[in-house]
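Tertiary structure, described
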2 protein chains.
Amino acid sequence: MESGEKRRRPNRPVRVEDVARVAGVSPITVSRALSYPDKVKEETRARILEAVAQTGYVVNRFASSLRSGRSNVISVFVSSLMNPHFASSMQGILDAFEGSPYQLMFAQTGYSEQFEADLLETVLPFRPAGVVFTGVIRSDKSREALQQLAIPVIEMWGYRPDPIDMLLGFSNHEGGRLMGEHFGQKGFRRIAYSGHTIERGAERIAGFREGLARHDATINLIHPMEGTRRIADGIDAFRDIRAQLPDVDAIFFGTDILATGAVLGAEKMGVEVPREVAIAGFGGLDYTPHVRPSLTTIHVSGYEMGRDAGRMLLRRLNGERVDKPVVQQPISLEARDSTNR
Amino acid sequence: MESGEKRRRPNRPVRVEDVARVAGVSPITVSRALSYPDKVKEETRARILEAVAQTGYVVNRFASSLRSGRSNVISVFVSSLMNPHFASSMQGILDAFEGSPYQLMFAQTGYSEQFEADLLETVLPFRPAGVVFTGVIRSDKSREALQQLAIPVIEMWGYRPDPIDMLLGFSNHEGGRLMGEHFGQKGFRRIAYSGHTIERGAERIAGFREGLARHDATINLIHPMEGTRRIADGIDAFRDIRAQLPDVDAIFFGTDILATGAVLGAEKMGVEVPREVAIAGFGGLDYTPHVRPSLTTIHVSGYEMGRDAGRMLLRRLNGERVDKPVVQQPISLEARDSTNR
DNA sequence: GTGAAAGCGCTAACAG
DNA sequence: CTGTTAGCGCTTTCAC
């Protein structure tokens, strides 16, 4: 850490007062020049900005937020940053907030309800101006805590009849149902589901079962995969499912990631898709049309969901009204080669 | 937002003072009970914790950090959260900090130097206790600003002879060289590179060229791809390269994502990999062994890099010495089917 | 358009 | 082990 720089004062950071002295004004004028440029004479402001540059002043957000009672932190919770489904939503949020004065603080909840609650405790001290949740918030205690705060909260990627505040989600049940109908129409009879089985997964399964039932079909095997999901896990899942249900003729995966792995696994095992086993995913990841065979999936507009959630939140932060605080995003079945028999 | 809760005071948040009154102690004792549990008698602490629960007290981090001069914010900069190469590093950082009192604040720099500098300005007001950078920091102004702060800074995924503080990276030049040697040994003669061409990309290209030169080969086409990278972009890239260099017999992509797309694109166009064109990627994404044909790549331990960077930073935050503040991560060539001719 | 005084909520420093 | 006092750096409020 040796540098030839003229190190300022090792101990005392530059404060408004220092800038004020250099610019020959009072501290409050410096503050105004930086926060409300219009309220300060052009010339004064120029002098102040020069003093800021000269002194290397950086506002202390702790002091400014403490005094003003305003925070520019938006807290974003996501179960996993590595999950590409969510990653595109995160991108959407980032894009929505670009150019705004807000600072996004990401926190990863890791699919655990307890951890989610703990995390909230480490984030709330920052008095976030708003909160984004990827997936509905499960812990009742957390829901209450957020409600008490009376700040804009938006839940995404899930659905609840009683959102904390705003909600931008889609129906996992409907997604499952669409796939169930599709499998039923195709005449598949030995059917497996693989993926999450709780929360969103449970809804998906219920819908899937409902869709299948209309064609007198049912789920013959539920293969739970709660943990991490990587392509390689899909390969294993495919092997396991074939072992447990040798005559399986169609598998619905809770995520495209597993489904992609399964397609690769099938090829490895010399099993033809879709002739011997049909495979479908969920989420509509960008590469699904390019997998060979192209992957049937339920398309969810993750990016748009994040972007729109960000916009809704921004509107509320700007004091505008949000007409429809609860939005159900449309989803659709993308029937492709992997189930085309 | 109507709830049957007994809403406390709509305007005045709960403060230490309120907790203190309920617990029958002074404010400072409350503060200590929460920050330094050992310094308060067991019994008193229990009473305080009960009062905290009863009142719903949440510490105001702005006030506490302002007074104590300590921040628990770690600022993490990453060019793109959607990039799976970096995502696993982010995961590593998250895991390293799990259970620590620090709060990670992610900021996305979007590959732009200017944006990177602007972002630093919005983050520095939070007086982060430490900074993690994915990729070396380019702007000299930013480097100086961070150096002035004298807080632990760690740069990852890149290399510079003059790191700001700590650096955990690998040599892109070496990665390129390894691939150049491999291509040369395989006897490829009409060679293309596709991917980033600046910064890390430039180093990779230089190394690649050097490796090839040892076998009297050279790069016949550089196909720049600076922007977003998705599998579909790799498909396009492959088509473009074939159009520009019809007799190309080997392509080195700056990321596995593009290489994977290229493999799929080749299959679509009826071009055999590796017989007609060999394809290699960079990064060692988890699914590369499973692509058909399996993808030759330069393996980089992204997760470990993030995790180790997090640990180094934590050690410094705890006041411990870090013996080797500049670490070069080993990388290796994973020769697989996509170049096996 | 600018300034003086006050205080946001917390915890360091010093006492006891 | 607990309390008193003061002040972190900023911006609100009120004044001119």
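This text follows the structure it describes.
Below is a short write-up of the structure.

Cut-offs and rules
- Counting of residues starts from 1 at the beginning of each chain's written sequence and follows it residue by residue.
- To label them, take the chains in the order written and letter them from A, then take the ligands in the order written and number them from 1.
- Only residues with pLDDT of at least 70 are given local features in this predicted model, and only at 80 or more are side-chain atom pairs given and counted; all residues enter the totals for whole chains, interfaces and linings.
- Here the side-chain values reflect all heavy atoms present in the structure, with hydrogen atoms and water set aside.
- In DSSP terms, a helix is any run of H or I states spanning at least four residues, a strand is any run of E spanning at least two, and both are numbered starting from the N terminus.
- A radius of gyration in this sense is built from C-alpha atoms; the matching globule rule multiplies 2.2 Å by the number of residues raised to 0.38.
- Here, residues are in contact when the closest pair of their heavy atoms is within 4.5 Å.
- For the area figures, the Shrake-Rupley method with a 1.4 Å probe applies, and any residue is considered shielded solely by the protein chains shown.
- Each residue gets one of three labels from its accessible area relative to the maximum for its type: buried under 20%, exposed over 50%, partly exposed in between, using a 1.4 Å probe on protein chains only.
- What the arc describes is the spread of directions from the helix axis to the C-beta atoms.
- The term polar contact refers here to a pair of N or O atoms within 3.5 Å; inside protein, the definition further demands a hydrogen-donor-capable atom paired with an acceptor-capable atom, and it admits residues adjacent in sequence only when both atoms are side-chain atoms.
- Buried area: the accessible area, evaluated with a 1.4 Å probe, that two parts lose upon being put together, summed over both parts.
- Salt bridges, as used here, are contacts in which a Lys or Arg side-chain nitrogen is within 4 Å of a carboxyl oxygen on Asp or Glu.
- Each residue gets one of three labels, nonpolar for Ala, Val, Leu, Ile, Met, Phe, Trp, Tyr, Cys and Pro, charged for Asp, Glu, Lys and Arg, and polar for the others, Gly among them.
- Residues are labelled near a given molecule or strand when at least one of their non-hydrogen atoms is within 4 Å of it.
- The copies were overlaid with a least-squares fit restricted to C-alpha atoms from residues scoring a pLDDT of at least 70 in each copy.
- Whether two strands pair comes down to DSSP finding at least two bridges between them.
- Note on method: axes are straight lines fitted to C-alpha atoms, helices fitted across the in-contact stretch only, with angles between N-to-C directions ranging 0 to 180 degrees.
- Every definition here rests on a 1 Å grid over the protein atoms only: cavities are sets of points where a 1.4 Å probe fits but cannot get out, pockets are open sets enclosed by protein on both sides within 12 Å along at least five of seven lines, and lining residues have some atom within 4 Å of a point.
- Grid points are joined across faces, edges and corners, and a volume is the space filled by probe spheres set on the points.
- Domain extents, as shown, originate in an automatic or database domain assignment.
- Like-charged residues within 9 Å of one another, or nonpolar side chains (Val, Leu, Ile, Met, Phe, Trp, Tyr) within 5 Å, are grouped into patches, provided each residue has over 30% relative accessible area and no salt bridge.
- His is not counted, nor are the chain ends, whereas Lys and Arg count as positive and Asp and Glu as negative.
- Each charge is placed at NZ for Lys, CZ for Arg, CG for Asp and CD for Glu.

Moving on: the overall build of chain A. Along the backbone of chain A there are 12 helices and 12 strands. Relative to the 2.2 N^0.38 estimate, which gives 20 Å for 341 residues, the radius of gyration of chain A is 26 Å and therefore markedly larger than a compact globule would have. Principal axes of the C-alpha set define a box for chain A whose edges measure 85 × 50 × 35 Å. Considering only contacts in chain A between residues 6 or more positions apart, those separated by 24 or more positions represent 69%. Carbon together with sulfur atoms contributes 48% to the accessible area of chain A, which is approximately 14,600 Å² in total.

Moving on: helix H7 (residues 140–149) of chain B. All names here are of chain B. Buried within H7 are the following residues: Ser142, Arg143, Leu146 and Gln147. Axial view of H7: buried residues confined to an arc of 135°, hence all on one face. Those residues of H7 that are exposed and aimed more than 90 degrees away from the buried face are Asp140 and Lys141. Tucked into the core, H7 has its buried residues touching helix H6 (113–123), strand S3 (130–134) and strand S4 (153–156). Of the residues flanking the start of H7, the one acting as N-cap is Ser139, its side-chain oxygen 3.3 Å from the backbone nitrogen of Lys141. At the exit of H7 stands Ala150, carrying a positive phi of roughly 55°.

Residue-level contacts link 56 residues of chain B with 58 residues of chain A. For the pair chain B and chain A, the summed buried area comes to about 5,300 Å², and 64% of that belongs to carbon and sulfur atoms. Between chain B and chain A we count 2 salt bridges in total. The salt bridge involving A:Asp286 is made with B:Arg230; its shortest N-O contact spans 3.3 Å. Where chain B meets chain A, there are 14 residue pairs in polar contact (both at pLDDT 80 or more). Looking at the side of chain B that touches chain A, the element that brings in the most residues is strand S2 (residues 103–108) of chain B, giving 6 residues. Of the residues belonging to the side of chain B that touches chain A, the class tally is 29 nonpolar, 13 polar and 14 charged.

The next subject is the protein's contact with DNA strand D. As a matter of local geometry, DNA strand D sits amid 25 residues, with A:Ser31, A:Tyr57, B:Thr29, B:Thr44 and B:Arg67 nearest to it. What you see for DNA strand D is that sugar and phosphate hold 59% of its atoms within 4 Å of the protein. One of the side-chain nitrogen or oxygen atoms of B:Ser26 is found 3.0 Å away from a phosphate oxygen of DNA strand D. For the surface near DNA strand D, the elements supplying multiple residues, two or more each, are helix H2 (27–35) and helix H4 (61–68) of chain A together with helix H2 (27–35) and helix H4 (61–68) of chain B. The class makeup of the residues in the surface near DNA strand D is 11 nonpolar, 7 polar and 7 charged.

All names here are of chain A. Scanning the model with the defined rule gives 44 salt bridges over all chains in all. The closest approach of N and O atoms between Glu334 and Arg336, which form a salt bridge, is 3.9 Å. When its relative accessible area of 28% is taken as the criterion, Glu334 is described as partly exposed. Classification of Arg336 as buried rests on a relative accessible area of 18%.

To continue, consider the protein's contact with DNA strand C. If you check the shell around DNA strand C, you find 26 residues, and the closest are A:Thr29, A:Thr44, A:Arg67, B:Ser31 and B:Tyr57. Within 4 Å of the protein, the contacting atoms of DNA strand C are 60% sugar and phosphate, with bases supplying the remainder. In this structure, a base nitrogen belonging to DNA strand C sits 2.6 Å away from a side-chain N or O atom of A:Arg32. Here a phosphate oxygen of DNA strand C sits 2.8 Å away from a polar atom, N or O, in the main chain of A:Lys41.

Once that is clear, we can look at the relation of the copies chain B and chain A. Superposition of chain B onto chain A requires a rotation of 180° combined with a translation of 0.0 Å along the rotation axis, giving an RMSD of 0.1 Å. Taken together, the rotation angle and the small translation identify this as a two-fold axis. Most of the interface of chain B is mirrored in chain A, where 100% of its interface residues again form contacts.

Each strand in a sheet pairs with another by means of backbone hydrogen bonds, the pair being arranged parallel or else antiparallel. Residue and element names in this part refer to chain B. As summarised here, the arrangement of the 6 strands in space is S2-S1-S3-S4-S5-S11, forming an open sheet in which the pairing is parallel. Each of the sheet's edge strands pairs with one partner strand only, and the pair in question is S2 and strand S11 (326–328). Across the sheet, the axes of successive neighbouring strands diverge by a mean angle of 15°, strand direction being ignored. Two elements, S3 and S4, share 4 bridges in a ladder whose sense is parallel. Opposite Val131, over in S4, you have Val153 as the bridge partner.

All names here are of chain B. Tallied over the full model, the rule gives 1 cavity of 30 Å³ or more. For the largest cavity, the calculated volume is near 160 Å³. What lines the largest cavity is a set of 15 residues, and nearest its centre among them are Phe86, Arg200, Arg204, Arg229 and Gly254. When contributions to the lining of the largest cavity are tallied by element, the ones reaching two or more residues are helix H5 (84–97) and helix H9 (200–213). Of the domains in this structure, domain 2 (73–170 + 302–329) and domain 3 (172–299) are the two that each give at least three residues to the lining of the largest cavity.

Turning to the pairing of strand S5 (residues 166–169) of chain B, a few remarks are in order. All names here are of chain B. Residue alternation in S5 divides its side chains into two sets, Met166 and Leu168 and Leu167 and Gly169, and both sets are buried. Relative to S5, S4 runs parallel, the two being bridged by 3 bridges. Looking across to S5, one finds that Ile154 is bridged to Met166. Here S5 pairs with S11 via 3 bridges, running parallel. Looking at the pairing, Gly169 lines up with Gln328 of S11.

This part covers unusual backbone geometry. Following A:Arg292, the chain continues into A:Pro293 via a peptide bond in cis, with omega recorded as -10°. Inspection of the secondary structure assignment puts A:Pro293 in the loop between strand S9 (278–280) and strand S10 (297–299). In this structure, the amide linkage connecting B:Val273 to the following residue, B:Pro274, adopts the cis form with an omega of 5°. Tracing the backbone through its elements, the reader meets B:Pro274 in the loop between helix H11 (256–269) and strand S9 (278–280). Its identity is not glycine, yet A:Ala150 carries a phi of approximately 55°, on the positive side.

Here we come to a negative patch on the surface. All names here are of chain A. Together, Glu113, Asp140, Glu144 and Glu199 line one region of the surface with negative charge. Inspection of the secondary structure assignment puts Asp140 in helix H7 (residues 140–149). The exposure class of Asp140 is exposed, given its relative accessible area of 52%.

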